[in-house]
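An overview of the molecular structure
One letter stands for each residue in the lines below.
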Amino acid sequence: MTKIKRVSGSEALLMALAEEGVDTIFGYPGGSIMPIYDALYQNTHHLRHILTRHEQGAVHAAEGYARATGRVGVCFATSGPGATNLITGIADAMIDSTPIVCVTAQVPSKALGTDAFQEADMISMTSPITKWNYQVTSADEIAEAIAKAFYIARTGRPGPVVIDITKNAQVEIVDFRYEKCQGLRCYHEKPTVDLSRVDQAAALLNDALRPLIVFGQGVKLAGAERELMALSEKGNIPMASTLMGLSAVPSDHPHYVGMVGMHGNVAPNWLTQECDVLLAVGMRFSDRVTGDVKSYAPKAKVIHVDIDASELGRLVKPAIGIHGDAADVLDLLGERVHGKDRSEWFALAKKKYDEEFCAIIDSDLHPTKQRITMGEVIGKVAELTDADAVIVTDVGQQQMEAARYSKYTKTRSLITSGGLGTMGYGFPAAIGAKIGLPEREVVLFAGDGGIQMTIQELGTVMEWNVGVKIIILNNSYLGMVRQWQELFFGRRYSSTPMQNPDFVQIANAYRIPARRATTHSELDEALKEMFASPGAYLLEVAVDEEDNVFPMIPSGASVSDILYNAES
């Protein structure tokens, strides 16, 4: 507990953040939050404030920072439109289990409910999309509210918290002392694992002829990567990742068979439909993973491990549901499983990979046609960075291609918007990731549509010298929507063709080096130049306008109905 000190509510807020180890805040000032920014001007707590160019940029940057570092991301916004501009990022953080604390300002307590200038009811609006929210109306509530906010945001299944502070609370004088939150009634951050269920699950895995592990982001959030690989190796069980689980396991791990889902790899999707036991760890059976849930993993007894009890049986009914921390459960399972010869099972995965390589992967990575493919760009980036970069994506075709063709050697190396699918997420998230991990190369893949939703954050990159590498895969379309229009709407390209600006000139206006590549040789030269550049760099690549992402499982179809091309 800190010593008592008499300070303003705004100063108390900054002191509380410092007590929680915060070093970076993303935000944008305004009328109701000016007392807090005034305290920031004078702060002696080593808090770095990054002025973004939009509040949406601030919240996505906080998400990227949290996802890259494993720490809680923090953002500030003023009342009214400033606060409501955070809504999309808060919802994104909720569905993707990203720990952030959003501090919003509010009109004075006496003005609440009067439709005062820039008043917006953030508590009502964010209740469905936060783990917890709270309105502070008195300065003496600030320390306890912040302590609870950080505890709730980072424990259990992580997620966003909103603390809404009225203007009068910011200026009131309070006796400040701080005590970190160690627990709350009726909230159990780490459930006790039922060992009888672990024994039953281990017995199923040991008896299985064709078991499969499918893991999601919960493995990374629990820090359970080592336990996952140990279980797979000891039990001789293949592993497959969801989109959000990517990078938890090195891409070249001999038991890793690829990504499941709508645009996942053929082998793990095929194995899902043929396995007799499916161990799902830290994943929620998203519709993008299961397709038609009634035909998902039809031969399998499902073991579902999750720290959120509400996920067990919500979409797929498991034979055994285990409520627990992924690291704890995987460690316990690892003690109980034994290996057996599954060479035929792994051979099936290799056969399906070879089929996909011949039908799709080879031509994506090594196109013989004149136009550049998205896969070609992403594959070359993986080679040039030795699979060591943090890959951040926006949403769309480039997201799926980046997931398919990026390579990883370290965990927390793919940052993307999974559940909400937020266009505009990628650029500010990449800024947050680079600020959180300045020693690592951070590469953004964005489409020409998504980049323009938050392109103003070039100003943040310029002001703070954020060395992120920005690659725009420009096909002059809203590519993913166009692909669906091609396949399912008779090529009626309604409102998807785009007339784009000169991205190179825009970057140059922000004093950021930039180049455009339209041929394979230009691409090679530009990539070398980009990675030789010590700071930020923007590379626009003109890719094939009708370059599609395959394989593809049509929405609502069975995982078995996977398409290899547009004629399938």
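Here's what I pulled together on the structure shown here. Values in this document were obtained by computation on a predicted structure and should not be read as measured data. Every chain's residues receive numbers from 1 upward, in the order its sequence appears when written. The predicted nature of this model means local features are confined to residues of pLDDT at least 70 and side-chain atom pairs, given and counted, to a pLDDT of 80 or more, with totals for whole chains, interfaces and linings taken over all residues. To get the side-chain values, all heavy atoms of the structure are used, and hydrogens and water are removed first.

What follows covers the side chain of E401. Looking at the element boundaries, E401 is found in helix 17 (residues 397-405). For every residue, the accessible area obtained with a 1.4 Å probe (protein chains only) is divided by the maximum for its type, and the residue is called buried under 20%, exposed over 50%, and partly exposed between those limits. You can call E401 buried: its relative accessible area is 0%. Comment: elements are numbered from the N terminus, with helices defined as DSSP H or I runs of at least four residues and strands as E runs of at least two.

Below, the discussion takes up the packing of helix 16 (residues 374-384) against helix 17. Running from N to C, helix 16 and helix 17 cross one another at 45°; their axes reach a closest spacing of 9 Å. Judged by the angle between their axes, helix 16 and helix 17 are oblique. For the pair helix 16 and helix 17, the sense of crossing is right-handed. Where helix 16 approaches helix 17, its residues M374, G375, I378, G379 and A382 are matched on the opposing element by Q397, Q398, E401, A402 and Y405. Residues that form the contact of helix 16 with helix 17 fall into these classes: five nonpolar, four polar and one charged. Note on definitions: angles span 0 to 180 degrees between N-to-C directions of axes, and those axes are lines fitted to C-alpha atoms, for helices only across the stretch in contact. Angle categories are assigned with fixed cut-offs, so that under 35 degrees is roughly parallel, over 145 is roughly antiparallel, 65 to 115 is roughly perpendicular, and the rest are oblique. Crossings are classed by handedness, with left-handed meaning an anticlockwise turn of the near helix from the far one by less than a right angle and right-handed meaning a clockwise turn. Should any heavy atoms of two residues lie within 4.5 Å, those residues are counted as being in contact. Under the grouping applied here, Gly and all other residues not named as nonpolar or charged are polar, the nonpolar ones being Ala, Val, Leu, Ile, Met, Phe, Trp, Tyr, Cys and Pro and the charged ones Asp, Glu, Lys and Arg.

Turning next to the sheet that holds strand 14 (residues 320-323). The strand order 11-10-9-12-13-14 describes an open sheet built from six strands, whose pairing is parallel. The sheet terminates laterally at strand 11 (256-259) and strand 14, the two strands that pair on one side only. Strand-to-strand twist in this sheet, taken as the mean axis angle between neighbours without regard to direction, amounts to 20°. Pairing analysis gives five bridges linking strand 9 (residues 211-215) to strand 12 (residues 277-281), with the strands arranged parallel. Note that in strand 12 the partner of P211 across the bridge is V277. Strand pairing is assigned whenever DSSP identifies at least 2 bridges connecting the two strands.

Salt-bridge detection follows one rule: a side-chain nitrogen of Lys or Arg within 4 Å of a carboxyl oxygen of Asp or Glu. Per the counting criterion, the structure on display carries 29 salt bridges. When the shortest N-O distance is used, the salt bridge between R157 and E311 registers 2.8 Å. Residue R157 is located in the loop between helix 7 (142-154) and strand 7 (160-166), and its partner E311 is located in the loop between strand 13 (301-306) and strand 14; the two are separated by 154 residues in the primary sequence. Residue R482 pairs with E486 through a salt bridge whose shortest N-O separation is 2.8 Å. Here R482 pairs with E486, and both are found in helix 20 (residues 479-488), just four residues apart, close to one helical turn. Relative accessible area serves as the criterion here: at 0%, R482 is assigned to the buried category. Assessed through its relative accessible area of 12%, E486 is described here as buried.

With that settled, the discussion passes to the nonpolar core. Counting 71 residues, the largest nonpolar core has F445 and I471 as the members making the most contacts within it. Ranked by residues supplied to this core, first place goes to helix 14 (residues 326-336) with six residues. In contact with F445, other than residues within four places in its own chain, are V377, I378, V381, I391, V392, T393, D394, Q398, A402, S406, I471 and L473. Counting 50 residues, the second largest nonpolar core, distinct from the first, contains A91, V392, F427 and A536. Nonpolar cores were defined as sets of buried Ala, Val, Leu, Ile, Met, Phe, Trp, Tyr and Cys residues, with membership established by side-chain atoms within 4.5 Å.

Before going further, it helps to spend a moment on the sheet that holds strand 19 (residues 514-517). The strand order across the open sheet formed by six strands is 16-15-17-18-20-19, and the pairing between neighbours is parallel. Since the sheet does not close on itself, it has two edges, and those belong to strand 16 (414-415) and strand 19, each with one partner. Here four bridges tie strand 19 to strand 20 (residues 537-542), and the two strands are oriented parallel to one another. The residue bridging A514 from the neighbouring strand is L538, located in strand 20.

The calculated volume of the second largest pocket comes to roughly 670 Å³. Along the walls of the second largest pocket sit 35 residues, with S251, N265, Y353, R404 and K407 positioned nearest its centre. Going through the elements one at a time, strand 11, helix 15 (343-365), helix 16 and helix 17 are the ones with two or more residues in the lining of the second largest pocket. With eight residues, the single largest contributor to the lining of the second largest pocket is helix 15. Here the term cavity refers to a set of points on a 1 Å grid, laid over the protein atoms alone, in which a 1.4 Å probe fits but cannot get out; the term pocket refers to an open set having protein on both sides within 12 Å along at least five of seven lines, with lining residues being those that place an atom within 4 Å of a point. Grid points are joined across faces, edges and corners, and a volume is the space filled by probe spheres set on the points.

Angle between the axes and distance between the axes are the two parameters that describe a pair of packed helices. With their axes 11 Å apart at the nearest point, helix 16 and helix 22 (residues 520-532) run at an angle of 40° to one another. Looking at the two axes, helix 16 sits oblique to helix 22. Here the hand of the crossing between helix 16 and helix 22 comes out right-handed. Two secondary-structure elements touch here, helix 16 through E376, V377, K380, V381 and L384 and helix 22 through H520, L523, D524, L527 and F531. Residues belonging to the contact of helix 16 with helix 22 are distributed by class as follows: six nonpolar, one polar and three charged.

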